[in-house]
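The residues making up each chain are set out below.
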Amino acid sequence: MRKSERRHKVSRRTFLRATGAAGLMASGGIAASNVYSPAIAGPAPKIRLAWTEVAACHSPLGFGLAKGIYAKHNIDVELFYQGASGQTLIQALATGKADAGAGLIGDWLKPLEQGFDVKLFVGSHGGCQRLLASQASGIKDVAGLKGKTIASYDVVSPPKVAFQVTLAKAGIDPETDVTWKVVPFDLVGEAVNRGEADVAAHLDPWAYSIEKKFNFVKIADTQTGVYQGHTCCVLGAHGPFLNANKDALRRLAEANIEVHEYTANHPDEVAAWYLETLKPAGLTLAELTEILGTLVYHDHPIGQPLVDQISLG
């Protein structure tokens, strides 16, 4: 086993110890057999749910609220805009501004390993991170990444974390066989286009936009290769809130699955709501529909399957 792969396995084992995820699912009453159980009558408990409204893949959350899907499951959801990074998601939970939140698995890893009290409880979708090579680089596949420079927007950006696993599984040491270059979030595509890096590691809708704008070659994403059939975005809840509101979070998990299944079958409808409500700059209805339509929605791991998927690296 390569040294880099050993590091990844140790990291994921540490992560699983930090989350206690398998025990959480059993104690939380969230199980595949009751995913679509009827909502319990009574006052609707309030849940403040952190989201990133500028991320196209988060649009099902806002759509679900607007269309009454959360209310159908007898929960009173309030969306809290937590910003565009995993750090602000964790801050929202830590400061009590939100009770639960949606984020990339890579957003949760470091805080969990450092002991932050949060539990992950249901997967949402896969595929919203892309590894894109410039035409000038001549790179055609993952094997061609050895010795190349990859641009991303943070030293621990979720795309970097995700594609380090892709590299390791291909026999490329993600720390010594490639060079990682940190550039501003909005300039990842520009850096590659100018030749300052060979490859961009980014997330949608920005990854989609730069792929089209610069005619980049998609080398990998988080629904192919090692990530085929796996989720990349999950809901997590602050530990104390979960312990006191397990039934409410069970219903949130049910609603989350329902709204993402609806999006799988009606990406145009969700895209139209997103465009009209949030008016994302530089994206058309057709482009938003394409982004949402290409994500993987039918994989919603809970319990041990979620643990297994997170530990794949």
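Above this text is the structure in question.
Let me sum up the structure you'll find in this document. Worth saying up front: this structure is predicted, and the values here are computed from it rather than measured. (Residues numbered from 1 in each chain as written. Predicted model: local features only at pLDDT ≥ 70, side-chain atom pairs only at ≥ 80, totals over all residues. Heavy atoms only, no water.)

**Examining the sheet that holds strand β4 (residues 118–125)**
Part 1 of the argument: Spatially, β2-β1-β3-β10-β4 is the arrangement adopted by the five strands of the open sheet, whose pairing is mixed. Two strands in the sheet have a free side with no partner beyond their single neighbour: β2 (76–81) and β4. On average, each strand axis in the sheet is inclined to that of its neighbour by 30°, with strand direction left out of account.
Part 2 of the argument: Relative to strand β10 (residues 233–238), strand β3 (residues 100–104) runs antiparallel, the two sharing five bridges. Directly across from A102, in β10, lies its bridge partner L235.
Part 3 of the argument: Here helix α3 (residues 59–66) sits on the sheet in contact with β1 (46–51), β2 and β3, set at roughly 140° to β2. (Pairing = 2+ DSSP bridges. Helix = DSSP H or I, 4+ residues; strand = E, 2+ residues; numbered from the N terminus. Axes fitted to C-alpha atoms, helices over the stretch in contact; angles between N-to-C directions. Contact = heavy atoms within 4.5 Å.)

**A closer look at empty space enclosed by the protein**
Part 1 of the argument: For the structure shown, the criterion picks out four cavities of 30 Å³ or more.
Part 2 of the argument: By volume, the second largest cavity amounts to about 50 Å³.
Part 3 of the argument: Residue lining of the second largest cavity: C57, H58, L61, A102, G103, S124, H125, C233, V234, L235, N256 and H260, and that is the complete set.
Part 4 of the argument: Those elements that place two or more of their residues in the lining of the second largest cavity are β3, β4, β10 and α11 (246–265).
Part 5 of the argument: Considering each element in turn, the lining of the second largest cavity owes the most residues, three residues, to β10.
Part 6 of the argument: In terms of residue class, the lining of the second largest cavity is built from six nonpolar, six polar and no charged. (1 Å grid on protein atoms, 1.4 Å probe; cavity = no way out; pocket = protein on both sides within 12 Å on 5 of 7 lines; lining within 4 Å. Points joined across faces, edges and corners; volume = space filled by probe spheres on them. Nonpolar A, V, L, I, M, F, W, Y, C, P; charged D, E, K, R; others polar.)

**Side note on the sheet that holds strand β6 (residues 149–152)**
Part 1 of the argument: Taken together, five strands build an open sheet; the order of strands is β7-β6-β8-β5-β9 and the sheet is mixed. Of all the strands in the sheet, the pair left with one neighbour each is β7 (179–182) and β9 (217–221). Neighbour-to-neighbour, the strand axes of the sheet open up by a mean angle of 30°, direction not taken into account.
Part 2 of the argument: By the bridge criterion, two bridges tie β6 to strand β8 (residues 199–203) in an arrangement that is parallel. Each residue of the ladder has a partner; that of A151, found in β8, is A200.
Part 3 of the argument: Set on the sheet, helix α7 (residues 158–169) makes contact with β5 (129–133), β6, β7, β8 and β9; between it and β5 the angle comes to about 70°.

**Topic: a nonpolar patch on the surface**
Part 1 of the argument: Residues V155, V156 and V182 make up a contiguous nonpolar surface patch of about 240 Å² in total accessible area.
Part 2 of the argument: Following the sequence through the fold, V155 ends up in the loop between β6 and α7.
Part 3 of the argument: Looking at V155, the relative accessible area reads 53%, which means it is exposed. (Patch = residues over 30% accessible without salt bridge, like charges linked within 9 Å, V, L, I, M, F, W, Y side chains within 5 Å. Areas by Shrake-Rupley, 256 points an atom, 1.4 Å probe, with all protein chains shown as cover. Salt bridge = Lys/Arg side-chain N within 4 Å of Asp/Glu carboxyl O. Buried < 20%, exposed > 50% of the residue type's maximum accessible area, 1.4 Å probe, protein only.)

**Focus: the layout of surface pockets**
Part 1 of the argument: Space inside the second largest pocket adds up to approximately 360 Å³.
Part 2 of the argument: What lines the second largest pocket is a set of 21 residues, among which D186, P205, W206, S209 and A281 lie closest to the centre.
Part 3 of the argument: Elements supplying a minimum of two residues to the lining of the second largest pocket: α8 (188–193), α9 (206–214) and α12 (267–278).
Part 4 of the argument: Take the lining of the second largest pocket: its biggest share by element is five residues, from α9.
Part 5 of the argument: Along the lines of polarity and charge, the residues of the lining of the second largest pocket split into 13 nonpolar, three polar and five charged.

**Observations concerning the packing of α3 against α12**
Part 1 of the argument: Packing of α3 against α12 leaves a shortest axis separation of 9 Å and a crossing angle of 85°. On the basis of their axis angle, the class for α3 and α12 is roughly perpendicular. Here α3 contributes S59, P60, G62, F63 and A66 to the contact with α12, which in turn contributes E269, V270, W273 and Y274.
Part 2 of the argument: Residue classes in the contact of α3 with α12 are distributed as six nonpolar, two polar and one charged. (Parallel < 35°, antiparallel > 145°, perpendicular 65-115°, else oblique.)

**Examining α3**
Part 1 of the argument: For α3, the tally of buried residues reaches six of eight residues, placing the bulk of the element in the interior.
Part 2 of the argument: Within the sequence span of α3, burial applies to S59, P60, L61, G62, F63 and G64.
Part 3 of the argument: The first or second residue beyond α3 is G68, which carries a positive phi of 80°.

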